[in-house]
Amino acid sequence: MAQKGVQLDRETFSCSICLDLLKDPVTTPCGHSYCMNCIKSYWDGEDEKKIHSCPQCRQTFTPRPVLLKSTMLADLVEELKKTGLQAAPADLCYAGPEDVACDVCTGRKLKALKSCLVCLVSYCEKHLQLHYDVAQLKKHKLVDPSKKLQENICSRHDEVMKIFCRTDQQCICLMDEHKGHDTVSAAAERTERQRELEVSRQNIQQRIQDREKDVKELQREVEAINRSADKAVEDSEKIFTQLIRLMEKRSSDVKQQVRSQQETEVSRVKELQEKLEQEITELKRKDAEMKKLSHTEDHTQFLHNYPSLSALSESTSSINIRPLRYFEDVTAAVSELRDKLQDVLRDKWTNVSLTVTEVDVLLSQPEPKTRAGFLQYSRELTLDPNTAHTLLLLSEGNRKVTRMSQHQSYSSHPDRFTGWEQVLSRESLTRRCYWEVEWRGGGVRVAVAYKNISRAGSSYECGFGHNDKSWSLYCDNNSYNFWYNNVSTPVSGPQSSRVGVYLDHSAGILSFYSVSETMTLLHRVQTTFTQPLYAGLYLYYSVGDTAEFYKLK
């Protein structure tokens, strides 16, 4: 109670203009007190009107009063300052700009403790007391302080809106304009909506729990992915280091063998060279003696020495140098090894890359719904000449194939189709990708296939769609048919000279579309792809038929 008294005293000795303790207090003729500078500034603004008023009670004064400092008030204020109560206690709870103020308080308003939905007035603790003491006021509905009380008043009729019109979905005050509508009391509608709200909250809370559980699960996935990736990088570096060391060892072995063989061959050649040089020296000596003997005039002496000079020692066998390229064949052999390693690395690297990209923790994205959506995954493809049947001619940067009447002069290659007029793309297909094939003529088969599809001969093991290593859409001017593992499935859809193909390798989805002004799904496959795929084309109808990987923009 003593504290409360101090609070009341402080409020009494506060200026209602600056809301602080009075400084040089003065009292107006009406009895209200202000800081001298505050009231002077206030009245300075009223000088033009020649009428001056009290900021609290609005009593007017003519002429402007002459104010003198109130010594008694000044002393009381100084006494308050000495008590250390210059700052307003927190529990006094004056209303700030963001607070709901008491509508009853005059001067500096306190925070409202409650708002009354019947009175449509907000009350501080002091002015709220009547609602706790008076029997009739006890029936009023008190809620937390609200700045939106006026929203409960009908702007047209200035009445409290206590009825809810379900037909118009709004609160109303009168029934006249809503006769025949489904109406209930606002309280009844609130009760119904409250039940719905609780159900919604329960659903939201359940979803929050589910999502929090998902977040934790995803965090565990992140940690697992990081651990697995770090180990894969570490292990891969070790393996590649071993491969590098193996290549360095093989390089050293070749170098050592070449140098050893070089030394052996050079030694043999030099040994033979020395023998030949010795023979040349001996022959020159004999030639000189024979020359000397030939100039001897003594016939007896000539005949005596001739037998010993005419007998020649056995000559070293003639030298036959084979047309060798010396160690060039070694270079060729190493080059061949390099080429084979490159082929192996290229083929196996696709598997390595696919294995990496197949790490997909989250579910695949849904298949696009528009052509613009498909074009996000567009893939530029080219045809591999090493796979083309010899009756197929590639052009347009190997994007176009034409069925010919004469065999083309392709070099022999194990990847070439020999019995079916087919060709595969150079690029392997993994993850999500989309491409389009535009064809002209009697018909075409648009396909995808594993690289290990058979190539030699005319058996079904080689034909697109006739085995379990390829999937094919047969297109002609009258119909479509889908083939897989030698089973045909009739397909209906609008005829078009362009076919779109969508592949989601990791999700096992392969879709064929008829493409014109719109895209129409012709056939969708849901399976599991175990290897990288390659796009394929088969011109089976007649000479002059063409098919082309359409250049997507």
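- Under an unreviewed UniProt entry, the protein chain has the name Tripartite motif-containing protein 16 and belongs to Dicentrarchus labrax.

**Quick notes on the UniProt feature "coiled-coil region" (unreviewed entry) in the protein chain**
- Under the local residue numbering, the UniProt record ascribes the feature "coiled-coil region" (unreviewed entry) to residues 201-235 and 259-296.
- Its end C-alpha atoms 50 Å apart, residues 201-235 is made of 100% helix and 0% strand.

**Points about the sheet that holds strand β5 (residues 114-116)**
- The antiparallel open sheet is built from three strands, whose spatial order is β6-β5-β7. Among the strands making up the open sheet, the edge pair consists of β6 (121-123) and β7 (142-143).
- Pairing analysis gives two bridges linking β5 to β7, with the strands arranged antiparallel. Counterpart to C116 in the pairing with β7 is L142.

**Here's the deal with helix α2 (residues 36-44)**
- Every buried residue of α2 is accounted for by M36, C38, I39 and W43. Burial along α2 is one-sided: seen end-on, the buried residues are contained in an arc of 165°. Those residues of α2 that are exposed and angled more than 90 degrees off the buried face are N37 and S41.
- Where α2 is buried, its residues contact β1 (25-27), β2 (33-35), β3 (52-53) and β4 (60-61).

**A short note on the pattern of salt bridges**
- All chains considered together, the criterion is met by 26 salt bridges.
- The residue R285 makes a salt bridge to E289 at a minimum N-O spacing of 2.8 Å. Remark: E289 and R285 occur in helix α6 (residues 186-294); sequence separation between them is four residues, near one turn of the helix.
- By relative accessible area, R285 is classed as partly exposed at 38%.
- What makes E289 partly exposed here is its relative accessible area of 31%.
- Between E367 and R524 there is a salt bridge; the shortest N-O distance is 3.0 Å. Of this pair, E367 sits in the loop between α8 (328-357) and α9 (371-375) while R524 sits in strand β21 (residues 519-526), placing them 157 residues apart in sequence.

**Some remarks on the pairing of strand β23 (residues 546-549)**
- Neither face of β23 is left uncovered, since the one carrying T546 and E548 and the one carrying A547 and F549 both have all their residues buried.
- By the bridge criterion, three bridges tie strand β12 (residues 400-403) to β23 in an arrangement that is antiparallel. Each residue of the ladder has a partner; that of K400, found in β23, is E548.
- Where strand β14 (residues 432-440) lies against β23, four bridges are found, and the strand directions are antiparallel. Bridge assignment links W439 to a residue of β23, and that residue is A547.

**Quick notes on the packing of aromatic side chains**
- Counting across every chain of the model gives 17 aromatic pairs.
- A centroid spacing of 5.7 Å and a plane angle of 45° characterise the contact between Y538 and Y540, whose relative ring orientation is tilted.
- Looking at Y538, the relative accessible area reads 8%, which means it is buried.
- Every member of this aromatic cluster is reached through a ring pair, and the members are W420, Y460, Y474, W483, Y538, Y540 and Y541.

**A few points about the environment of F164**
- Its place among the elements puts F164 in strand β8 (residues 163-165).
- The exposure class of F164 is buried, given its relative accessible area of 9%.
- Sequence-wise, F164 and S185 are 21 residues apart; in three dimensions their C-alpha atoms are separated by 5.7 Å.
- With sequence-adjacent residues up to four places away left out, F164 is seen in contact with Q169, Q170, C171, D182, T183, V184, S185, A186, E189 and R193.

**Topic: the sheet that holds β14**
- As summarised here, the arrangement of the seven strands in space is β11-β12-β23-β14-β19-β20-β21, forming an open sheet in which the pairing is antiparallel. Edge positions in the open sheet fall to β11 (392-395) and β21, since each of these has one partner strand only. Each neighbouring strand pair of the sheet contributes to a mean axis angle of 20°, computed without reference to strand direction.
- Pairing of β14 with strand β19 (residues 498-504) involves seven bridges; the strand directions are antiparallel. Each residue of the ladder has a partner; that of R432, found in β19, is D504.

**Things to note about the nonpolar core**
- Core analysis: the largest hydrophobic core is formed by 36 residues, its most contacted members being V401, W435, W471, L473, L510 and F512.
- Not counting residues within four places of it along the chain, the set of residues in contact with L510 comprises V448, W471, V501, Y502, L503, H523, R524, V525 and F529.
- In this structure, Y34, C35, W43 and L73 belong to the second largest nonpolar core, which totals 17 residues.

**Observations concerning the state of the cysteines**
- This structure, assessed with the given rule, holds zero disulfides.
- The thiol of C165 is not disulfide-bonded; the next cysteine sulfur, from C171, is found 10.0 Å away.

The rules behind these values
- All residue numbers refer to positions counted from 1 along the written sequence of the respective chain.
- Only residues with pLDDT of at least 70 are given local features in this predicted model, and only at 80 or more are side-chain atom pairs given and counted; all residues enter the totals for whole chains, interfaces and linings.
- As a convention, hydrogens and water are excluded, and side-chain values are obtained from all of the structure's heavy atoms.
- UniProt positions are given in the numbering used here, feature names are shortened, and annotations may be inferred rather than shown by experiment.
- Each helix is a run of H or I in the DSSP string that is no shorter than four residues. Each strand is a run of E no shorter than two, and both are numbered from the N terminus.
- Whether two strands pair depends on DSSP finding at least two bridges between them.
- Whether a residue is buried, partly exposed or exposed follows from its accessible area with a 1.4 Å probe, protein chains only, as a fraction of its type maximum: under 20%, in between, or over 50%, in that order.
- Throughout, the arc means that of the directions going from the helix axis to the C-beta atoms.
- We call two residues in contact when some of their heavy atoms are within 4.5 Å.
- We define a salt bridge as a contact between a side-chain nitrogen of Lys or Arg and a carboxyl oxygen of Asp or Glu at a distance within 4 Å.
- Two rings from Phe, Tyr or Trp (for Trp, the six-membered ring) form a pair when their centres are within 6.5 Å of each other. A pair whose planes differ by under 30 degrees is stacked, one over 60 is edge-to-face, and the rest are tilted.
- Note on geometry: axes are C-alpha line fits, over the in-contact stretch for helices, and angles between N-to-C directions span 0 to 180 degrees.
- In these notes, a set of buried Ala, Val, Leu, Ile, Met, Phe, Trp, Tyr and Cys residues joined through side-chain atoms within 4.5 Å is what counts as a nonpolar core.
- Defined by distance alone, a disulfide is two cysteine sulfur atoms within 2.5 Å.

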